[in-house]
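Spelled out from the first residue to the last, the chains are:
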Amino acid sequence: TEAIGLYNIGQTCCLNSLLQVFFMNTHFTGILRRITVPPSASQKRRSVPYQMLLLLEKMQSGKQKAVCPKALAYCLLQHRVKLFVQYDAVQLLLTLWNLIKVQMTNSELIEKLSDLYTIWVKEYMICQECSFETKRNSNMVILPLSMLDSSCHLLKTLEECLQCFFCPEELTGHNICFCEQCGKKTPFMQSMKLAHLPQTLILHLKRFCFRKSTSTYKLCHYLSFPQDLDFNAILTEEQCQTDASEKTSWQYELFAVVAHSGSADCGHYCAYIRSITECKWYCFDDSEVCQVLWDDVKCTYGHSDFHW
């Protein structure tokens, strides 16, 4: 009946934000509620899906403003997921995803989980000397979007980032590839075409970059994203490899934003999530949860400072 927070037990703001996004997604929780309960106590302690289910039930049955995710955190520790360290949200999300998928025993639920999050693309490589072409199907859970174009110019909107991701790229210089037809390394044209989008689409704005000295820094420039996204209006016919019936489902409503403030070395995460049942936005900042407006969500567009 109301949004419940998660206590920070030591640099767990990233984990808390991701858990809230999982739990507020009713399609995911519908799968989670159908998992097979592990038979022994030791297996229950090591099962990430089961510990997530227990935490979800604790959040929904309790009357306190926040609950402690200690049991799940120690479950992750048994799978070599370190506690009390700074995490990158994408890195931790993929770790959670792999643990959830591997530890599910019901093949039907594994398939449903994959359908919920998996993106399919077709990769093309064309030799620029003999036109020899190779192609392969590949999938990913997260679409990683650069915030810089091929000339290192800043991109200003999410739509520009998506268009840049699916633009063909010429591989020359140090990036040339071996061509089986030519029998030597040659320049190639690399392109990616979208084949399938899932029910829940995860986009990653790559704000962390490397300097030549290998030190990491954060791109803090302003980049806007819409509340509604239609891939049919963004990508060209050449950038898609699917039929018309598939494209009708390529329209999305923004559901959640996992936001980071601070530098590349340290900082804080929180999550802005739109309740599917209430159609209201909430800010989940560890144990503190409050209702917010779309203008508050816009602060994650990127500025020198944040007003959470």
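Keep in mind it's a predicted model, so treat the numbers as computed, not measured.

Focus on helix H5 (residues 70–78)
Point 1. Taken together, the buried positions of H5 are Leu72, Ala73, Cys75 and Leu76. Summarising the axial view, the buried residues of H5 lie within an arc of 160°, below the 170-degree limit, and thus occupy one face.
Point 2. Where H5 is buried, its residues touch helix H1 (13–24), helix H3 (41–46), helix H4 (48–61) and helix H6 (89–103).
Point 3. In the stretch just after H5, arginine 80 is the one whose phi turns positive, near 65°.

So, the side chain of asparagine 16
Point 1. Mapped onto the elements of the fold, asparagine 16 is located in helix H1.
Point 2. At 3.3 Å, the side chain of asparagine 16 forms a polar contact with the backbone oxygen of leucine 6.

Description of the pattern of salt bridges
Point 1. Tallying each qualifying case throughout the model produces 7 salt bridges.
Point 2. Across the salt bridge formed by glutamate 123 and arginine 136, the nearest N and O atoms sit 3.4 Å from each other. On the criterion of sequence distance, the pair formed by glutamate 123 in strand E3 (residues 119–127) and arginine 136 in strand E4 (residues 133–140) is long-range, its members being 13 residues apart.
Point 3. In this structure, the salt-bridge partner of glutamate 253 is arginine 274, at a minimum N-O distance of 3.9 Å. Of this pair, glutamate 253 sits in strand E14 (residues 251–253) while arginine 274 sits in strand E16 (residues 267–274), and the two are 21 residues apart along the sequence.

Some thoughts on the sheet that holds E4
Point 1. On the basis of which strands lie adjacent, the open sheet formed by 4 strands has the order E4-E3-E9-E6 and antiparallel pairing. On the outer flanks of this sheet lie E4 and strand E6 (169–171), each paired with one strand and no other. Strand-to-strand twist in this sheet, taken as the mean axis angle between neighbours without regard to direction, amounts to 30°.

What about H4?
Point 1. Counted at 1.5 Å a residue, the expected span for H4 with its 14 residues is 20 Å, and the 20 Å between its end C-alpha atoms agrees.
Point 2. Of all the residues in H4, the buried ones are Val48, Pro49, Tyr50, Gln51, Met52, Leu53, Leu55, Leu56 and Met59.
Point 3. The N-cap residue of H4 is serine 47: its side-chain oxygen and the backbone nitrogen of tyrosine 50 are 3.2 Å apart.

Calculation notes
Residues numbered from 1 in each chain as written. Predicted model: local features only at pLDDT ≥ 70, side-chain atom pairs only at ≥ 80, totals over all residues. Heavy atoms only, no water. Buried < 20%, exposed > 50% of the residue type's maximum accessible area, 1.4 Å probe, protein only. Helix = DSSP H or I, 4+ residues; strand = E, 2+ residues; numbered from the N terminus. Arc of directions from axis to C-beta. Contact = heavy atoms within 4.5 Å. Polar contact = N/O pair within 3.5 Å; in protein donor to acceptor, adjacent residues only side chain to side chain. Salt bridge = Lys/Arg side-chain N within 4 Å of Asp/Glu carboxyl O. Pairing = 2+ DSSP bridges. Axes fitted to C-alpha atoms, helices over the stretch in contact; angles between N-to-C directions. Expected span 1.5 Å × (residues − 1).

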